[in-house]
Amino acid sequence: MRILVTGGAGFIGSHLIDRLMEADHEVICLDNFYTGRKQNVLQWLNHPNFEIIRHDVTEPIRLEVDQIYHLACPASPVHYQYNPVKTIKTNVMGTLIMLGLAKRVKARFLLASTSEVYGDPEVHPQTEEYRGNVNPIGIRSCYDEGKRVAETLAFDYHRQNNVDIRVARIFNTYGPRMLEQDGRVVSNFIVQALKGIPLTVYGSGQQTRSFCYVSDLVEGLIRLMNGNCIGPVNLGNPDEYTVLELAQTVQTMVNPDTAIEYKPLPADDPQQRQPNITRAQTELGWQPTIALPEGLKRTVADFQARL
Ligand code: NAD
Ligand code: UDP
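Rules behind the numbers
- Throughout this description, residue numbers start from 1 for each chain and increase along the sequence as written.
- Think of it this way: whatever chain is written first is A, whatever ligand is written first is 1, and the rest follow in order.
- Local features are withheld for residues below a pLDDT of 70 in this predicted model, meaning they are given only at 70 or higher, and side-chain atom pairs are given and counted only at 80 or more; totals for whole chains, interfaces and linings count all residues.
- With hydrogens and water excluded, all non-hydrogen atoms of the structure serve as input to the side-chain values.
- Think of it this way: one heavy atom of a residue within 4 Å of a molecule or strand is enough to make that residue near it.
- What qualifies as a polar contact is a pair of N or O atoms within 3.5 Å, subject to a donor-acceptor requirement within protein and to the restriction that residues adjacent in sequence count only when both atoms come from side chains.
- Here, Shrake-Rupley sampling with a 1.4 Å probe gives the accessible areas, and only protein chains in the shown set may cover a residue.
- Each residue gets one label: Ala, Val, Leu, Ile, Met, Phe, Trp, Tyr, Cys and Pro are nonpolar, Asp, Glu, Lys and Arg are charged, and the others, such as Gly, are polar.
- Put simply, DSSP marks the helices as runs of H or I at least four residues long and the strands as runs of E at least two long, and each gets a number from the N terminus on.
- Each nonpolar core is a collection of buried residues, namely Ala, Val, Leu, Ile, Met, Phe, Trp, Tyr and Cys, held together in the definition by side-chain atoms within 4.5 Å.
- Relative accessibility decides the category of a residue: with a 1.4 Å probe and only protein chains considered, values under 20% of the type maximum give buried, values over 50% give exposed, and everything between is partly exposed.
- Contact criterion: two residues are considered in contact whenever any of their non-hydrogen atoms come within 4.5 Å of each other.
- Note on definitions: salt bridges are taken to be side-chain nitrogens of Lys or Arg within 4 Å of carboxyl oxygens of Asp or Glu.
- We call Phe, Tyr and Trp rings a pair once their centres come within 6.5 Å, taking the six-membered ring for Trp, and we label the pair stacked below 30 degrees between planes, edge-to-face above 60, and tilted otherwise.
- Placement of a positive charge over a ring is assigned whenever Lys NZ or Arg CZ falls within 6 Å of the ring centre and within 35 degrees of the normal to the ring plane.

Colleague: In this structure, what is going on with the site of ligand 2? I would like to understand it.
Modeller: In the neighbourhood of ligand 2, 18 residues make up the surrounding shell, with Thr-200, Tyr-202, Arg-209, Asp-269 and Arg-273 lying closest. Thr-200 is positioned such that a nitrogen or oxygen atom in its backbone is 2.6 Å from a nitrogen atom of ligand 2. At a separation of 2.5 Å, an oxygen atom of ligand 2 approaches a polar side-chain atom of Asp-269. Bound to the protein, ligand 2 loses 96% of the 520 Å² it would expose on its own. For the shell around ligand 2, the class distribution of residues is seven nonpolar, five polar and six charged.

Colleague: Quick question: what am I supposed to make of the site of ligand 1 here?
Modeller: Near ligand 1 you find 31 residues, and of these Asp-31, Thr-35, Leu-71, Tyr-143 and Arg-184 are the closest. With respect to ligand 1, the side chain of Asp-31 contributes an N or O atom lying 2.6 Å from an oxygen atom. A distance of 3.0 Å separates an oxygen atom of ligand 1 from a polar atom in the backbone of Gly-36. For ligand 1, whose free accessible area comes to 810 Å², the fraction covered by protein is 97%. Elements that contribute at least two residues to the shell around ligand 1 include exactly α1 (11-22), α3 (84-105), β5 (108-114) and α4 (141-161). Per-element tally for the shell around ligand 1: the top contributor is β5, with three residues.

Colleague: Whenever I open this one, the nonpolar core confuses me. Can you help?
Modeller: Side chains of nonpolar character tend, in soluble globular proteins, to be buried together. By size, the foremost hydrophobic cluster in this structure holds 56 residues, and its most contacted members are Ile-12, Ile-17, Tyr-69, Leu-221 and Leu-235. In terms of residue count, the dominant contributor to this core is helix α6 (residues 214-226) (seven residues). In this structure, Ile-12 is in contact with Leu-71, Ile-170, Thr-173, Val-214, Leu-217, Val-218 and Leu-221, ignoring residues within four places of it in sequence. Among the nonpolar cores identified, the runner-up in size contains 26 residues, and Ile-28, Val-57, Ala-150 and Ile-165 belong to it.

Colleague: Mind showing me how you'd approach the pattern of salt bridges here?
Modeller: Once the charged atoms of two side chains with opposite charge are near each other, the side chains can pair. In total, this model carries 23 salt bridges according to the counting rule given. Residue Asp-269 is joined to Arg-140 by a salt bridge in which the shortest nitrogen-to-oxygen separation is 3.9 Å. Separated by 129 residues along the polypeptide, Asp-269 in the loop between β13 (260-263) and α8 (278-284) and Arg-140 in the loop between β5 and α4 bring together distant segments of the chain. Each member of the pair, Asp-269 together with Arg-140, is buried. Measuring nitrogen to oxygen at the nearest pair gives 3.5 Å for the salt bridge that ties Arg-148 to Glu-145. Here Glu-145 and Arg-148 lie together in helix α4, a separation of three residues that amounts to about one turn.

Colleague: Help me understand the packing of aromatic side chains, please; the structure alone is not making it clear to me.
Modeller: Aromatic ring pairs are described here by two measures, namely the spacing of the ring centres and the angle between the planes. Under the criterion given, the structure shown has four aromatic pairs. Taking the centre distance of 6.0 Å and the plane angle of 20° together, the rings of Tyr-118 and Tyr-130 count as stacked. Of this pair, Tyr-118 sits in the loop between β5 and α4 while Tyr-130 sits in the loop between β5 and α4, placing them 12 residues apart in sequence. With relative accessibility at 1%, the residue Tyr-118 sits in the buried group. Assessed through its relative accessible area of 13%, Tyr-130 is described here as buried. For the cation-ring pair, Arg-306 lies above Phe-303, with the distance from its terminal atom to the ring centre recorded as 4.4 Å.

Colleague: Would you take a moment to explain unusual backbone geometry for this structure?
Modeller: Of all residues except glycine, most have a negative phi; of all peptide bonds, most are trans. Cis geometry is found at the peptide bond from His-124 to Pro-125, where omega equals -10°. Within the secondary structure, Pro-125 is located in the loop between β5 and α4. Geometrically, the link from Gly-231 to Pro-232 is a cis peptide bond, its omega value of 5° lying close to zero. The backbone of Phe-33 shows a phi angle near 60°, a positive value even though the residue is not glycine. For Phe-33, the position within the fold is in the loop between β2 (26-31) and β3 (50-54). Unlike most non-glycine residues, Asn-162 shows phi in positive territory, near 60°. You can see Asn-162 is positioned in the loop between α4 and β6 (165-170).

These figures capture arrangement, not role.
Rendered as structure tokens:
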């Protein structure tokens, strides 16, 4: 198949491309290199099945493809809040344009949505039926509400134009190739521990997240794309940790001498987050296989090699 991956030079996109290339597909990587890097797909640059296009998804483009994985959008709060209007444009206009492309060429379209559609959840763990608790005017809204509109667009293109859609709600994912200055918690703690500077815990550190290793997540995306369930489907690792527990785990693993420093909690930071993955288990036969200590070990090794 010929497969388009938007945001393909980013963290998850580049791991997805590795799997698609290894399965002998033709892959087009489309990226504006905001948080992505050519380095992430370097190994495929001279491969005859691989093409890379510098392009912004908010601008129309004509391509002939069989499947579209739509991942283009900065995922770290630091990067999506840097230019919030651009983040909204990417989520709304970018998704609209990619759905239009899917409609024209009759391609199957997978949206990389997010657990952020649940906002600061009042239901725990989060099931796909839960409609969420999102602040529409907060500093996270450009991303949360942007993704909620992206989901709406996907379902309306499906109902109105028969576009073949799949919607994944991705929970916190980590692994090799995250940027050193990505700003998300796992990469921050690892970089800080490796540099021997204090680990920055925001708030009390009692807020929770559930961390999924990137290879597990990519397996879930591929199963969703090629199965019959349109979703939305939660994809994440249900093992839940407080942010402080994560800091202590990284500290013990990398550098027990580093301190923990408390910083203010950013506005609207969700207090708890854990996926209910029953739907992914029953519909896709999918569940994560890599526990946090093993995933962290691999991620630390990657940062160690790069720093
Ligand atoms: P990332 O920032 O590493 O990758 C995003 C990629 O999209 C980058 O390569 C970036 O340059 C590109 N991009 C951004 N705006 C673009 C635009 N307007 N046009 C073209 N390319 C653009 O983030 P990631 O962690 O790999 O996330 C990938 C997708 O998965 C995102 O849609 C994100 O919302 C979603 N997601 C990720 C997580 C996670 O924990 N990593 C969780 C939930 C959802
Ligand atoms: N966080 C932290 N220190 C950091 C970066 C993040 O304590 O250096 C916290 C953040 O406040 C949040 C959690 O870690 O409670 C996860 O943050 P991240 O930005 O990784 O993802 P998201 O909030 O989007 O889930």
